[in-house]
Each structure stands twice: as structure tokens, then as C-alpha cells.
Amino acid sequence: MSPVPERHLLVIFGATGDLSHRKLIPALWELHKHSPARGRTVILGLARADLTDDAFRDQVREALKNEGPEHAAEISRWCRDSIYFQSTGDGSAAAFERLKARIGAIEHAEGLYGNRAFYLALPLPAFAPTVEALGHVGLHRSKGWTRLVLEKPFGHDLGSAQALNALIHRFFDEGQVFRLDHYLGKETVQNLIAFRFGNALFEPLWNRDRIERVELTVAEELGVEGRGAFYEQAGATRDLLQNHMLQVLAVATMEPPAALDGESVSNEKIKILKAITPIRPEDYVVGQYGAGELNGKKLKGYREEPGVDPNSVTDTFVAVRFGIQSWRWQGVPFYLRTGKRLPKKLSRIIVTFKSPPAAVFNPYIVCGMGGNRLEIVLQPNEGFNLSFQVKLPGDGMRLHTQEMRFRYAEAFGHLPEAYQTLLLDVMHGDHTLFVRGDEVEQAWKVCAPMLDGHRELHTYAAGTWGPPRAEQMLAEAGCCWTDPS
Ligand code: BG6
């Protein structure tokens, strides 16, 4: 049975925005419905708009409209008993004083002890003024616990990430800060820990002696979907590689942590990030999608998307190769790629093991025999495929590559959403699946050469697997991206 979180107030900045409606409210509702968190959270939504509690509760009901009529009465009860709203207006000191007073009044009425989490569901430029305003009115401390939750992007580059960390640390201790990267909350990413350290089978093979190469692909079929103005400031390197992908890679390659807690896991992840070899110009390819076609549908090029500069040089695709200079990984190449408007949504890690010495077989028959391959499918259709050689039935010794499959849905049914897991961890004060400040800065250092230097932007047709140069980069190393089909 999971522990029950202490009763607390969750204050959501940006409560009327997209993140709040699409992810936070549904996750909080799920926690209310099923978990030990039921009845433990009182929510105070904040936004500039001047809404009443009831008008905000209507928005919450709207965000949950797909829940079905059988839940309507309970949703209304939940809204009435546990959800409030306050306008932050112009964000002035006076508005934050009013916020402080309202928090005190709600805590008094609800009999809360002063445990508070502030969730900044805000765009990056609003982080610093909000943190500063919280600090100035003294909301960074209370007689219970106070936690600050921020979601990526944590800065725009190394300098801005350092400045943001420094500002946060003026008011909050690192132990109060929860930097949320939703990929770490995905069941399949958490399962990397169970898979690696809970089985005697794989960990002894998880090193340079046995592994030929590792690939990580995060492919998206969607384009920028109305987020053109935001994406123009980001691009694939900042939006996915610097955070989600480097975090997944760190979990997949780190040494066993001393314990399963935030400090121990971050101590291991940072060692990996520090050991990544410097990225040279020949080690990466950036691309941007042009017009194309997918599943019979014509697709616009990135530069024609709303909110995008017609001469934009923003990357919508990036592929990179590097090594990890450690005892375990030295000499193993890591290939990472991500892009928008690729042929399908798919995130997976592919670990290719070294080929066995196949001398016992007739060389003509085993020609082209690959090593074993482990495919960890992060999404969709989460699970693993492990490929190995079997004898083809019949005459002679002919080998065939066969796959063994595991699928979460078949074994366990529905998987919880990342936000549910991560919000519950914030309530428990568990940092295991969060990103420490030094990891953020180190990940920016890794990506800096790709952001600072002169970058040749390669165009690819929407609906294809990225620019041909990304294929060529691997061909030069004598391999290719594993066929996504
Ligand atoms: C977000 C990025 O962090 O992750 C988006 O800003 C991207 O551009 C999204 O689409 C992908 O998340 P998921 O969970 O759908 O793979």
C-alpha cells in the first residue's frame, strides 16, 4: 500500500492555460479518484484573469468533460470542496500580498498545516519574476513544507539556466525544488531502473565488452501544432534533446545508484552527463521539415506554419553521435535523433549487442548475422523486443533472427500518466524522478556546441525520417539507424 501524502495546498500558476487543462487537472482528478492522495490536496488555481472560484471550477469541469456522466456528480463535489481560484492580476507586490492572505485564509478554513507546493505552469520568461515575487512576500517558507515545481525549459542556454538556478537558490533550497521532466515519469523510463537493476540477466552485459552501439529515437508525427511562436525560440535541440533525451540516456547508462532516492540517482546521472564526449561539428545534423506528404495527406513546410518566420533557421530535427568516457562505456557509440513531422510517433532505445564468434557455423549461412538486439519501446505500445538467433526448422543449420516480445498493455492493461506519478512524488517530497540543478546546467554544456556554432540546416520532406545527411553520418561509421518498422 502506498504511503498517504500529508494534506497540503497545491497552488498552480497558469491554472487557466493549456498545460493545466490538458495535463495537471486530469492527473489531479485521477489521483483524487484512485490513489492514496484522495482528499489530501486542496487546489488554488492562479492566473491573470479575474475569475470567481465558480468560473474556474467550470473550467475544471470542462477539462474533464470526457470523463463520462457517471463521474459528473463526484467531479462537482471535488470542485466545490477542494478547488479555489485567485487572480494574480498584474503580478505586482500588492497582488502577491493578496495571494499570501488568500493562502492563509484557505489554509485556515480547510484546517491545513501550511504544507504548500507552488506549481509554475508558466512560460519560461515568467519563472524568474514569479520566484522572486514569492520570495519577496515570504511565501518560500511556511510552518509546514514548501515546494516549488517547475517544468522544462529550464533556461534557454547555459547562461540563462545558471541565472535561473541562482535566482531560485536565493529563496529556495535545492531540496524544495522539483524540476519536472515528464519523460522521467513515463512508466517505461522508470522501468529502465527496474529492468537494469532488478534482473541478474542484463546488467552483466550492460557495458563496452558486450554492447556494440546504442540508439535513441524520439520521433513525432505531429508538426508544431499552433505552437509555432514558442517553437521558434526553441527548436528540436532545446525542446527535446537537451532535456528528455539526455535524461533518458542518463537513466539507461548510469551506474547503480547507492539508493533509490533523488540525491543518489542525480549523483549517477550527472556523472554520465559529464562524461559525454564534446560534440564536434561532424557529430551532428540539424534539419527542418519542408512540405511533404504523410498517409496521403499533404503537409505544410515548417516555414509556412502559423507563427513561424518564413526565413526561420529553427531546427525541427536533430541527430547526434557521441561517446561516454567512462570505464563502462568507453568506445561505445551513442546515436540520438529526434524530429517533428517524421513518419510516426515512436520513442525507443535500441541496444545492439556485439556479434558472437560464429566460427562454428558455415560462413555462407551466417553471413550478415547480427548481434542480439534489445529494443526498449518507450511509447507507444510500450514494451520490449529482444531479438536472437534461432535455427530455421528443416534441413541443415540455417539461422534466423527471431523476436521475443513483451507489451505492458497485455501484461498490466492501462499505464498511469507521467503527470500522475510526478505530482504524487511532489506530494511525498520524493526527488528520484526529478532533475537537479547541476544536471540541467551540465546538459546545456553538452548541447552548447550545437547551439553556438555555425549550423548547416538540412531540409527534409515532412513525412520522411529526416535529412539524408543523418543517414550518411551513421553510414560513415559503418552502420545505419535501425529500421523503425
Ligand atoms: C514536450 C515538447 O516537452 O514534449 C513537445 O515541448 C513534444 O514539443 C512533447 O511534442 C513530447 O512529449 P510526449 O510525451 O508526447 O512524447
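Coordinates for the structure precede this section.
Residues numbered from 1 in each chain as written. Predicted model: local features only at pLDDT ≥ 70, side-chain atom pairs only at ≥ 80, totals over all residues. Heavy atoms only, no water.

*Asks:* Hey, could you run me through helix α4 (residues 93-110) in this one?
*Replies:* Each full turn of the α-helix corresponds to 3.6 residues, which orients residues three or four apart in the same direction. A rise of 1.5 Å per residue sets the reference length of α4, with its 18 residues, at 26 Å; its end C-alpha atoms lie 26 Å apart and thus fit the reference within 8%. Of all the residues in α4, the buried ones are A95, F96, L99, I103, I106, E107 and E110. Considered in projection along α4, the buried side chains sweep an arc of 115° and stay on one side of the axis. Seen from the buried face of α4, the exposed residues on the opposite side, beyond 90 degrees, are A93, A101, H108 and A109. Packing partners of the buried residues in α4 comprise β1 (8-13), β2 (41-47), α3 (72-82), β3 (83-87), β4 (116-120) and α5 (127-136). Phi turns positive, to about 65°, at G111, one or two residues after α4. (Helix = DSSP H or I, 4+ residues; strand = E, 2+ residues; numbered from the N terminus. Expected span 1.5 Å × (residues − 1). Buried < 20%, exposed > 50% of the residue type's maximum accessible area, 1.4 Å probe, protein only. Arc of directions from axis to C-beta. Contact = heavy atoms within 4.5 Å.)

*Asks:* What is the right way to read the packing of aromatic side chains from this model?
*Replies:* The geometry of an aromatic ring pair is captured by two quantities: the separation of the ring centres and the angle between the planes. Throughout the structure, instances matching the rule amount to 19 aromatic pairs. Ring centres of W29 and W78 lie 5.5 Å apart, and the angle between their planes is 50°; on these two criteria the pair is classed as tilted. Here W78 lies in helix α3 and W29 lies in helix α1 (residues 18-34), a separation of 49 residues in the sequence. Assessed through its relative accessible area of 5%, W78 is described here as buried. Taken together, the ring pairs connect F195, F202, W206, F384, F406, Y408 and F412 into an aromatic cluster. Here the basic side chain of R147 rests over the ring of W145, its NZ or CZ set 3.6 Å away from the ring centre. The residue whose ring lies beneath K186 is Y183, and the NZ or CZ to ring-centre distance is 4.6 Å. (Phe/Tyr/Trp six-rings, centres within 6.5 Å; stacked < 30°, edge-to-face > 60°. Lys NZ or Arg CZ within 6 Å of the ring centre and 35° of its normal.)

*Asks:* What exactly am I supposed to notice about the nonpolar core here?
*Replies:* Side chains of nonpolar character tend, in soluble globular proteins, to be buried together. With 141 residues, the main nonpolar core has Y119, W206, L336 and I349 as its most contacted residues. The element that contributes the greatest number of residues to this core is helix α9 (residues 236-253), accounting for 10 residues. Each residue touching Y119, except ones within four places of it in the same chain, is listed here: L10, V11, I12, F13, L19, L24, V149, E151, L180, Y419 and L423. (Core = buried A, V, L, I, M, F, W, Y, C linked by side-chain atoms within 4.5 Å.)

*Asks:* Explain the side chain of R213 here, please?
*Replies:* Among the secondary structure elements, R213 is positioned in strand β7 (residues 211-219). Within the local environment of R213, its side chain forms a polar contact with the side chain of E215, the two groups lying 3.5 Å apart. A polar contact is formed between the side chain of R213 and the backbone oxygen of C480, at a distance of 3.3 Å. Setting aside residues no more than four positions away along its own chain, R213 makes contact with V332, P333, Y335, I350, V351, T352, C479, C480 and T482. (Polar contact = N/O pair within 3.5 Å; in protein donor to acceptor, adjacent residues only side chain to side chain.)

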